[in-house]
Protein chains: 2
Amino acid sequence: MTGFGIIEAGSGALRYIASGCVKSGKGDLALRLKALLEGLNEVIAEHVPVEVAVEKVFVNVNPQSTLALGQARGTAICAAVLAGLPVAEYTALQVKQSVVGNGHAKKEQVQHMVKRLLALPGDPAPDAADALACAICHAHGGRIGAFSTRGLRMKKGRLV
Amino acid sequence: MTGFGIIEAGSGALRYIASGCVKSGKGDLALRLKALLEGLNEVIAEHVPVEVAVEKVFVNVNPQSTLALGQARGTAICAAVLAGLPVAEYTALQVKQSVVGNGHAKKEQVQHMVKRLLALPGDPAPDAADALACAICHAHGGRIGAFSTRGLRMKKGRLV
């Protein structure tokens with residue numbers, strides 16, 4: 001399961017285009033990565049993004065999980081590379097700082113800010129929200145707290 | 001740096017075709033994975049293999065290394081998938097058992113057996129030897145010790 005989020009970042013406000021999750025399905029590893037690659041190819045073909053951003057994440061549960069994450073991440077980057085798209089990477093800290101203004105913001109705060117910044121009518125799925133947050137971070141050049149104070153009341157980096 | 005090894009497994013003995021390493025070069029992650037993907041695409045285009053086997057390995061040094069390995073591995077599997085090739089996976093234990101007859105064989109023993117089984121004139125590079133060993137394991141259906149006693153003197157799973 002790999003979340004994706006697509007936004008339009010022109011001269012004005014950010015605009016939500018699409019988000020969702022690509023399921024890698026079941027079966028052996030090659031089949032799962034194939035499903036992921038094809039799913040991401042479809043998303044790229046449909047929405048024709050011009051740049052890709054991926055989050056630098058660790059699943060520090062065990063090496064098996066980290067390996068699986070790396071394989072999915074390598075596959076996602078391959079999908080971007082095959083479409084000739086440049087790929088930027090941001091740490092979770094950078095994403096949170098850019099979106100919430102606090103690198104240690106909670107998941108719910110990130111989701112809330114994603115919803116507000118993109119004027120979404122409802123909450124996106126957690127994986128999709130993470131992907132949209134990464135896209136927002138990229139749209140602002142990974143700048144720290146780029147949006148943190150725009151019309152929002154913040155206190156110690158948290159929304160109040 | 002990703003080792004590869006290509007062998008022909010017909011009705012008779014195994015035949016060495018090619019081996020080497022694809023360098024992923026320098027630069028950011030996407031560029032390195034791109035170089036790896038393109039390098040493997042070239043190897044596949046040149047030698048037209050019909051099946052691919054990859055080793056299930058862990059680098060248990062730290063999560064960063066495991067993630068990097070996973071990304072390279074995901075990319076290698078993407079190269080196979082894009083060429084429509086089936087991918088098999090074998091653990092290091094299976095590979096060693098199949099090639100040396102001892103799942104806990106040392107690296108040098110594996111290299112030595114790869115050299116003998118494929119009648120190589122010299123030692124292949126370590127990464128290439130590992131890849132050839134994995135190919136040999138696959139050629140024998142991952143069977144344990146498939147070749148361990150063919151004209152070789154073994155004692156407790158070691159060559160004597």
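Residues numbered from 1 in each chain as written. Chains lettered and ligands numbered in written order. Predicted model: local features only at pLDDT ≥ 70, side-chain atom pairs only at ≥ 80, totals over all residues. Heavy atoms only, no water.

Now for the relation of the copies chain A and chain B. Rotating chain A by 180 degrees and translating it 0.0 Å along the rotation axis places it on chain B, where the RMSD comes to 0.0 Å. In symmetry terms, the pair is related by a two-fold rotation axis. The rotation axis passes nearest to the C-alpha of A:Gly70 in chain A, at a distance of 2.0 Å. A high fraction, 100%, of the interface residues of chain A reappear at the interface in chain B, so the copies pair face to face through one surface. (Least-squares fit on C-alpha atoms with pLDDT ≥ 70 in both. Contact = heavy atoms within 4.5 Å.)

What follows covers the interface of chain A and chain B. Chain A puts 25 residues into the contact, and the matching count from chain B is 25 residues. When chain A packs against chain B, close to 2100 Å² is buried across both sides, 79% of that on carbon and sulfur atoms. The interface formed by chain A and chain B holds zero salt bridges in total. In this structure, the connection of chain A to chain B is made through four residue pairs in polar contact (both at pLDDT 80 or more). Breaking the side of chain A that touches chain B down by element, the ones donating at least two residues are helix 1 (29–47), helix 2 (63–82) and strand 4 (87–91) of chain A. Among the elements that make up the side of chain A that touches chain B, the one with the highest residue count is helix 2 of chain A (14 residues). By residue class, the composition of the side of chain A that touches chain B is 14 nonpolar, seven polar and four charged. (Buried area = accessible area lost by both parts, 1.4 Å probe. Salt bridge = Lys/Arg side-chain N within 4 Å of Asp/Glu carboxyl O. Polar contact = N/O pair within 3.5 Å; in protein donor to acceptor, adjacent residues only side chain to side chain. Helix = DSSP H or I, 4+ residues; strand = E, 2+ residues; numbered from the N terminus. Nonpolar A, V, L, I, M, F, W, Y, C, P; charged D, E, K, R; others polar.)

This part is about the packing of helix 4 (residues 107–117) of chain B against helix 5 (residues 126–139) of chain B. Residues and elements named next belong to chain B. It is the contact of helix 4 with helix 5, at a shortest axis distance of 9 Å, that shows an interaxial angle of 65 degrees. Crossing hand, helix 4 versus helix 5: left-handed. Residues Lys-107, Val-110, Gln-111, Val-114 and Leu-117 of helix 4 form the contact with helix 5, whose own contacting residues are Pro-126, Ala-129, Asp-130, Leu-132, Ala-133 and Ile-136. Its residues assigned to classes, the contact of helix 4 with helix 5 comprises eight nonpolar, one polar and two charged. (Axes fitted to C-alpha atoms, helices over the stretch in contact; angles between N-to-C directions. Left-handed = near helix turned anticlockwise from the far one by under 90°.)

A separate point is the side chain of B:Glu55. Residue and element names in this part refer to chain B. Mapped onto the elements, Glu-55 comes out in strand 3 (residues 52–56). Buried charge without a salt bridge: Glu-55, with Lys-96 as the nearest opposite-charge side chain at an N-O distance of 6.8 Å. The residues contacting Glu-55, other than those within four sequence positions of it, are Arg-73, Tyr-90, Thr-91, Ala-92, Val-95, Asp-130 and Cys-134. (Buried < 20%, exposed > 50% of the residue type's maximum accessible area, 1.4 Å probe, protein only. Lys, Arg positive; Asp, Glu negative; His and termini not counted.)

Further remarks concern the packing of helix 3 (residues 92–99) of chain B against helix 5 of chain B. When two helices pack together, their arrangement is given by the angle between the helix axes and by the axis-to-axis distance. Residues and elements named next belong to chain B. For the pair helix 3 and helix 5, the least separation of the axes is 9 Å and the interaxial angle reads 75 degrees. The angle between helix 3 and helix 5 falls in the class roughly perpendicular. In contact with Gln-94, Val-95, Ser-98 and Val-99 of helix 3, helix 5 contributes Ala-133, Cys-134, Ile-136 and Cys-137. Split by residue class, the contact of helix 3 with helix 5 holds six nonpolar, two polar and no charged. (Parallel < 35°, antiparallel > 145°, perpendicular 65-115°, else oblique.)

All names here are of chain A. Secondary-structure assignment places Thr-2 in strand 1 (residues 2–9). With relative accessibility at 19%, the residue Thr-2 sits in the buried group. Beyond its immediate sequence surroundings of up to four residues, Thr-2 is in contact with Gly-20, Cys-21, Val-22 and Leu-36.

A full pass over the atoms with the stated rule returns 10 salt bridges over all chains. Between A:Glu89 and A:Arg73 there is a salt bridge whose closest N-O contact spans 2.6 Å. Of this pair, A:Glu89 sits in strand 4 while A:Arg73 sits in helix 2, and the two are 16 residues apart along the sequence. With a relative accessible area of 25%, A:Glu89 lands in the partly exposed category. Here A:Arg73 falls in the buried class, since its relative accessible area comes to 8%. A salt bridge links B:Glu38 to B:Lys34, with the shortest nitrogen-to-oxygen separation between them at 3.2 Å. Here B:Lys34 and B:Glu38 lie together in helix 1 (residues 29–47), a separation of four residues that amounts to about one turn. Taking the relative accessible area as the measure of exposure, B:Lys34 reaches 31% and is therefore partly exposed.

In this section: unusual backbone geometry. The phi torsion at A:Ala119 lies on the positive side, around 50 degrees, for a residue other than glycine. With respect to the element layout, A:Ala119 can be found in the loop between helix 4 (107–117) and helix 5 (126–139). Within the chain, B:Val48 stands out as a residue other than glycine whose phi angle is a positive 45 degrees. Relative to the helices and strands, B:Val48 is located in the loop between helix 1 and strand 3. According to the relative accessible area criterion, B:Val48 is exposed, its value standing at 58%.

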